Amino acid sequence: MTEPIPLLMENSIEIAWDYLERTGELGDAEIAARFLSDAIEIMILRGETRKLMLANRAIDAYKRFKAEHYPLSLVS
C-alpha cells in the first residue's frame, strides 16, 4: 500500500532535508525547501512513489544545482 501523495511528499522532503542538513550541504533554507519540494513534486507527477528514491534523486539534483549556481570560493 502506498502513502497518500501529501504524506509521501512530506516524508521524502524530510528525508532529503535531514540528510543535507546533517552533511552540511543544505545551504539557504528557503532555496533548499523550494528546490526539494519542486523536484519531488515533479517526480511524483511522473509516477515515482518510492520515498527513498524520491529523496535520493532530490538530494543528487540539489547537489548538482548548488554546485552549478553556488560554486565554492576560496577564503584566505
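Preceding this paragraph is the structure being described.
These remarks concern the structure in this document. Note that the structure is predicted; figures quoted are calculated from it, not measured.

## Some points on helix 3 (residues 51-69)
Residues three or four positions apart in an α-helix share a direction because the helix packs 3.6 residues into each turn. In this model helix 3 runs 26 Å from its N-terminal to its C-terminal C-alpha over 19 residues, within 8% of the 27 Å that 1.5 Å per residue would give. All buried positions along helix 3 are accounted for by Leu-54, Ala-55, Ala-58, Ile-59, Ala-61 and Tyr-62.

## Overview of the pattern of salt bridges
In the structure shown here, the tally under the stated rule is five salt bridges. Across the salt bridge formed by Arg-34 and Asp-38, the nearest N and O atoms sit 3.9 Å from each other. Taken together, the residues Arg-34 and Asp-38, both in helix 2 (residues 29-45) and four residues apart, mark about one turn of the helix. Close ionic contact of Arg-57 with Glu-48 constitutes a salt bridge, the shortest N to O distance being 3.7 Å. Arg-57 gets classed as partly exposed once you look at its relative accessible area, which sits at 41%. The network of salt bridges with shared partners includes Glu-48, Arg-50 and Arg-57.

## A look at the side chain of Glu-48
Tracing the sequence through the fold places Glu-48 in the loop between helix 2 and helix 3. Engagement of the side chain of Glu-48 in a polar contact is seen with the side chain of Arg-50, the distance being 2.7 Å. Sequence-distant contacts of Glu-48, that is, excluding residues within four places in its chain, are made with Leu-8, Met-43, Met-53, Leu-54 and Arg-57.

## Some thoughts on the packing of aromatic side chains
Applying the stated criterion across every chain yields a total of four aromatic pairs. Grouped by ring-pair contacts, the aromatic residues Phe-35, Tyr-62, Phe-65 and Tyr-70 constitute a single cluster.

## Here's the deal with the side chain of Asn-11
Along the polypeptide, Asn-11 turns up in helix 1 (residues 5-22). Here Glu-3 takes part through its side chain, which lies 2.5 Å from a polar atom of the side chain of Asn-11. With near-sequence residues (within four places) excluded, Asn-11 lies in contact with Glu-3 and Lys-51.

## Details of the packing of helix 1 against helix 3
The geometry of helix 1 relative to helix 3 is characterised by a closest axis approach of 8 Å and an angle of 45° between their N-to-C directions. Classified by the angle their axes make, helix 1 and helix 3 are oblique. Here helix 1 and helix 3 pass one another in a crossing that is right-handed. Contacts between helix 1 and helix 3 involve Leu-8, Asn-11, Ser-12, Ile-15, Ala-16, Tyr-19 and Leu-20 from the first element and Lys-51, Leu-52, Leu-54, Ala-55, Ile-59, Tyr-62 and Lys-63 from the second.

Conventions adopted
- Residues numbered from 1 in each chain as written.
- Predicted model: local features only at pLDDT ≥ 70, side-chain atom pairs only at ≥ 80, totals over all residues.
- Heavy atoms only, no water.
- Helix = DSSP H or I, 4+ residues; strand = E, 2+ residues; numbered from the N terminus.
- Expected span 1.5 Å × (residues − 1).
- Buried < 20%, exposed > 50% of the residue type's maximum accessible area, 1.4 Å probe, protein only.
- Salt bridge = Lys/Arg side-chain N within 4 Å of Asp/Glu carboxyl O.
- Polar contact = N/O pair within 3.5 Å; in protein donor to acceptor, adjacent residues only side chain to side chain.
- Contact = heavy atoms within 4.5 Å.
- Phe/Tyr/Trp six-rings, centres within 6.5 Å; stacked < 30°, edge-to-face > 60°.
- Axes fitted to C-alpha atoms, helices over the stretch in contact; angles between N-to-C directions.
- Parallel < 35°, antiparallel > 145°, perpendicular 65-115°, else oblique.
- Left-handed = near helix turned anticlockwise from the far one by under 90°.

Just distances and angles here, no functional claims.
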